[in-house]
Amino acid sequence: MTKESLRQTLIDLFTATAEAHHEAYAATDGNDPEWPLWYAEHLHAPLTEALDAGFTRSLLVYCLMNADLEQQARSPDTAWQAFYADHFIEHFAASDAPAVDKLALYTSAYCPFSRMVERSIEQLGIDVERRDINADSAHRDALVDARGRATVPVLHIDTGDGQRWMPESRDIIRYLEHTYGKRAA
Ligand SMILES: N[C@@H](CCC(=O)N[C@@H](CS)C(=O)NCC(=O)O)C(=O)O
(Lines give C-alpha, C1' and ligand atoms only; values in the text may rest on other atoms or scores of the structure.)
Protein backbone atom coordinates (compact mmCIF):
# COMPACT_ATOMS: atom_id res chain seq x y z
CA MET A 1 0.00 0.00 0.00
CA THR A 2 1.36 3.45 -0.87
CA LYS A 3 1.59 6.06 1.83
CA GLU A 4 -1.19 8.07 0.18
CA SER A 5 -3.59 5.11 0.05
CA LEU A 6 -2.72 4.19 3.65
CA ARG A 7 -3.51 7.77 4.63
CA GLN A 8 -6.88 7.57 2.87
CA THR A 9 -7.62 4.20 4.50
CA LEU A 10 -7.00 5.71 7.94
CA ILE A 11 -9.09 8.80 7.18
CA ASP A 12 -11.99 6.54 6.09
CA LEU A 13 -11.52 4.40 9.19
CA PHE A 14 -11.61 7.38 11.55
CA THR A 15 -14.65 8.80 9.74
CA ALA A 16 -16.56 5.49 9.96
CA THR A 17 -15.60 5.14 13.63
CA ALA A 18 -16.85 8.64 14.42
CA GLU A 19 -20.15 7.88 12.69
CA ALA A 20 -20.56 4.61 14.60
CA HIS A 21 -19.71 6.39 17.84
CA HIS A 22 -22.23 9.11 17.11
CA GLU A 23 -24.91 6.49 16.54
CA ALA A 24 -24.01 4.66 19.74
CA TYR A 25 -24.20 7.93 21.68
CA ALA A 26 -27.17 9.43 19.83
CA ALA A 27 -28.98 9.97 23.13
CA THR A 28 -26.30 12.47 24.19
CA ASP A 29 -25.77 13.81 20.64
CA GLY A 30 -22.40 12.06 20.45
CA ASN A 31 -21.15 13.48 23.71
CA ASP A 32 -18.98 10.92 25.52
CA PRO A 33 -16.12 12.08 27.78
CA GLU A 34 -14.65 8.56 27.63
CA TRP A 35 -14.59 8.48 23.81
CA PRO A 36 -10.92 7.27 23.57
CA LEU A 37 -11.92 4.02 25.32
CA TRP A 38 -14.73 3.43 22.83
CA TYR A 39 -12.58 4.39 19.84
CA ALA A 40 -9.70 2.16 20.98
CA GLU A 41 -11.98 -0.86 21.20
CA HIS A 42 -13.46 -0.14 17.79
CA LEU A 43 -10.17 0.69 16.06
CA HIS A 44 -7.96 -1.98 17.60
CA ALA A 45 -8.34 -4.67 14.93
CA PRO A 46 -8.52 -2.51 11.77
CA LEU A 47 -5.65 -0.19 12.82
CA THR A 48 -3.46 -3.15 13.75
CA GLU A 49 -4.05 -4.59 10.29
CA ALA A 50 -3.68 -1.33 8.34
CA LEU A 51 -0.45 -0.28 10.07
CA ASP A 52 0.94 -3.74 10.69
CA ALA A 53 1.76 -2.59 14.22
CA GLY A 54 1.35 -4.37 17.55
CA PHE A 55 -1.02 -2.12 19.46
CA THR A 56 -2.46 -2.69 22.88
CA ARG A 57 -5.76 -0.98 23.57
CA SER A 58 -4.01 1.11 26.23
CA LEU A 59 -1.47 2.35 23.71
CA LEU A 60 -4.31 3.26 21.37
CA VAL A 61 -6.07 5.24 24.09
CA TYR A 62 -2.82 7.10 24.75
CA CYS A 63 -2.23 7.79 21.04
CA LEU A 64 -5.78 8.95 20.39
CA MET A 65 -5.61 11.39 23.29
CA ASN A 66 -2.19 12.54 22.17
CA ALA A 67 -3.41 13.10 18.60
CA ASP A 68 -6.39 15.04 19.95
CA LEU A 69 -4.25 17.31 22.16
CA GLU A 70 -1.68 17.87 19.39
CA GLN A 71 -4.37 18.74 16.88
CA GLN A 72 -6.01 21.25 19.19
CA ALA A 73 -2.65 22.84 19.99
CA ARG A 74 -1.02 22.81 16.56
CA SER A 75 -3.69 22.54 13.91
CA PRO A 76 -7.23 23.21 15.11
CA ASP A 77 -8.36 24.09 11.56
CA THR A 78 -7.22 20.81 9.96
CA ALA A 79 -9.84 18.08 9.55
CA TRP A 80 -9.19 15.90 12.58
CA GLN A 81 -9.41 12.64 10.57
CA ALA A 82 -6.51 13.78 8.36
CA PHE A 83 -4.50 14.99 11.34
CA TYR A 84 -5.00 11.68 13.16
CA ALA A 85 -4.06 9.74 10.01
CA ASP A 86 -0.80 11.69 9.69
CA HIS A 87 -0.12 11.30 13.42
CA PHE A 88 -0.53 7.51 13.32
CA ILE A 89 1.47 7.16 10.10
CA GLU A 90 4.27 9.27 11.57
CA HIS A 91 4.48 7.12 14.68
CA PHE A 92 3.65 3.65 13.41
CA ALA A 93 3.95 3.17 9.66
CA ALA A 94 7.22 1.73 8.41
CA SER A 95 9.16 4.48 6.69
CA ASP A 96 10.51 3.73 3.23
CA ALA A 97 13.51 6.07 3.43
CA PRO A 98 14.72 6.42 6.99
CA ALA A 99 18.38 5.69 6.31
CA VAL A 100 19.12 9.14 4.89
CA ASP A 101 17.60 10.98 7.85
CA LYS A 102 20.01 12.86 10.07
CA LEU A 103 18.97 12.58 13.68
CA ALA A 104 19.86 14.85 16.59
CA LEU A 105 18.62 14.53 20.15
CA TYR A 106 18.10 17.67 22.22
CA THR A 107 18.87 16.34 25.64
CA SER A 108 20.08 17.10 29.14
CA ALA A 109 22.44 15.08 31.30
CA TYR A 110 20.13 15.42 34.29
CA CYS A 111 16.86 14.43 32.65
CA PRO A 112 15.50 10.91 33.26
CA PHE A 113 13.25 11.12 30.17
CA SER A 114 16.30 11.94 28.05
CA ARG A 115 18.14 9.00 29.63
CA MET A 116 15.34 6.65 28.52
CA VAL A 117 15.70 7.84 24.93
CA GLU A 118 19.51 7.60 25.14
CA ARG A 119 19.22 3.98 26.28
CA SER A 120 16.94 3.16 23.36
CA ILE A 121 19.37 4.79 20.91
CA GLU A 122 22.23 2.73 22.36
CA GLN A 123 20.22 -0.49 22.14
CA LEU A 124 19.27 0.20 18.53
CA GLY A 125 22.86 1.13 17.67
CA ILE A 126 21.86 4.13 15.57
CA ASP A 127 23.79 7.27 14.85
CA VAL A 128 22.26 10.24 16.66
CA GLU A 129 24.03 13.49 17.42
CA ARG A 130 23.57 14.61 21.05
CA ARG A 131 22.76 18.28 21.64
CA ASP A 132 22.91 18.93 25.39
CA ILE A 133 21.02 22.15 26.08
CA ASN A 134 22.78 22.73 29.40
CA ALA A 135 26.24 22.26 27.95
CA ASP A 136 25.69 24.53 24.94
CA SER A 137 23.37 27.54 25.02
CA ALA A 138 23.19 27.58 21.20
CA HIS A 139 21.36 24.26 21.37
CA ARG A 140 18.97 25.61 24.00
CA ASP A 141 18.32 28.72 21.86
CA ALA A 142 17.68 26.62 18.74
CA LEU A 143 15.23 24.44 20.65
CA VAL A 144 13.36 27.39 22.15
CA ASP A 145 13.23 29.10 18.74
CA ALA A 146 11.71 26.02 17.16
CA ARG A 147 9.34 24.91 19.88
CA GLY A 148 8.79 27.91 22.14
CA ARG A 149 10.05 25.97 25.16
CA ALA A 150 13.20 24.22 26.39
CA THR A 151 11.63 20.90 27.38
CA VAL A 152 13.81 17.89 26.54
CA PRO A 153 14.07 15.32 25.09
CA VAL A 154 13.24 16.37 21.53
CA LEU A 155 14.35 14.46 18.46
CA HIS A 156 15.28 16.60 15.47
CA ILE A 157 14.87 14.77 12.17
CA ASP A 158 16.52 16.27 9.11
CA THR A 159 15.17 14.42 6.08
CA GLY A 160 17.20 16.37 3.56
CA ASP A 161 14.16 18.17 2.15
CA GLY A 162 12.54 19.07 5.46
CA GLN A 163 12.83 18.83 9.20
CA ARG A 164 10.69 17.65 12.09
CA TRP A 165 10.85 18.23 15.80
CA MET A 166 9.49 15.30 17.79
CA PRO A 167 8.89 15.80 21.56
CA GLU A 168 7.82 13.23 24.18
CA SER A 169 10.23 10.48 25.20
CA ARG A 170 7.75 7.64 24.62
CA ASP A 171 6.84 8.89 21.16
CA ILE A 172 10.52 9.26 20.26
CA ILE A 173 11.36 5.75 21.45
CA ARG A 174 8.43 4.25 19.62
CA TYR A 175 9.36 6.13 16.44
CA LEU A 176 13.01 5.02 16.64
CA GLU A 177 12.14 1.41 17.40
CA HIS A 178 9.61 1.26 14.62
CA THR A 179 11.79 3.00 12.05
CA TYR A 180 15.16 1.46 12.88
CA GLY A 181 14.38 -1.64 14.96
CA LYS A 182 13.57 -4.02 12.12
CA ARG A 183 16.33 -2.56 9.97
CA ALA A 184 18.90 -3.27 12.70
CA ALA A 185 17.57 -6.79 13.32
N1 LIG B 1 6.53 14.07 29.03
C2 LIG B 1 7.87 14.51 28.69
C3 LIG B 1 8.51 15.08 29.93
C4 LIG B 1 9.82 15.81 29.62
C5 LIG B 1 10.28 16.63 30.80
O6 LIG B 1 9.58 16.80 31.81
N7 LIG B 1 11.52 17.15 30.70
C8 LIG B 1 12.06 17.98 31.72
C9 LIG B 1 13.48 17.54 32.10
S10 LIG B 1 13.54 15.88 32.70
C11 LIG B 1 12.21 19.41 31.21
O12 LIG B 1 12.69 19.63 30.11
N13 LIG B 1 11.76 20.38 32.01
C14 LIG B 1 11.98 21.77 31.74
C15 LIG B 1 10.93 22.39 30.87
O16 LIG B 1 9.91 21.75 30.55
O17 LIG B 1 11.14 23.55 30.46
C18 LIG B 1 8.65 13.35 28.09
O19 LIG B 1 8.34 12.19 28.42
O20 LIG B 1 9.53 13.60 27.25
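Please read all numbers here as calculations on a predicted model, not as lab measurements.

Novice: Tell me about helix H2 (residues 35-51), and please be specific about residues and values.
Specialist: Of all the bends in H2, the largest measures some 55 degrees and sits at Leu43, one to four residues before the proline Pro46. Among the residues of H2, those classed as buried are Trp35, Pro36, Tyr39, Ala40, Leu43, His44, Leu47 and Leu51. In this structure, the buried side of H2 is in contact with helix H1 (3-24), helix H3 (57-74) and helix H4 (80-92). Once H2 finishes, Asp52 follows within two positions and takes phi at roughly 50 degrees, a positive value.

Novice: Run through the domain arrangement of the chain, naming residues and quoting values.
Specialist: When cut into domains, the chain gives domain 1 (3-92) and domain 2 (102-184). Relative placement of domain 1 and domain 2: their C-alpha centres are 26 Å apart. The interface is formed by seven residues belonging to domain 1 together with eight residues belonging to domain 2. Between domain 1 and domain 2, the buried area comes to about 770 Å², and carbon and sulfur atoms account for 47% of it.

Novice: A description of the nonpolar core should follow, citing residues and the corresponding values.
Specialist: Within the largest apolar cluster, 28 residues are counted, with the highest numbers of intra-cluster contacts made by Leu10, Leu47, Leu51, Phe55, Leu64 and Phe88. Where this core is concerned, the elements lending two or more residues are H1, H2, H3 and H4. Looking at which element gives the most residues to this core, the answer is H4, with seven residues. Among the nonpolar cores identified, the runner-up in size contains 15 residues, and Leu105, Ile121, Leu124 and Ile173 belong to it.

So, how was this worked out
- Residues numbered from 1 in each chain as written.
- Predicted model: local features only at pLDDT ≥ 70, side-chain atom pairs only at ≥ 80, totals over all residues.
- Heavy atoms only, no water.
- Bend = angle between axes of the 7 residues up to and from the residue.
- Helix = DSSP H or I, 4+ residues; strand = E, 2+ residues; numbered from the N terminus.
- Buried < 20%, exposed > 50% of the residue type's maximum accessible area, 1.4 Å probe, protein only.
- Contact = heavy atoms within 4.5 Å.
- Domains from an automatic or database assignment.
- Buried area = accessible area lost by both parts, 1.4 Å probe.
- Core = buried A, V, L, I, M, F, W, Y, C linked by side-chain atoms within 4.5 Å.

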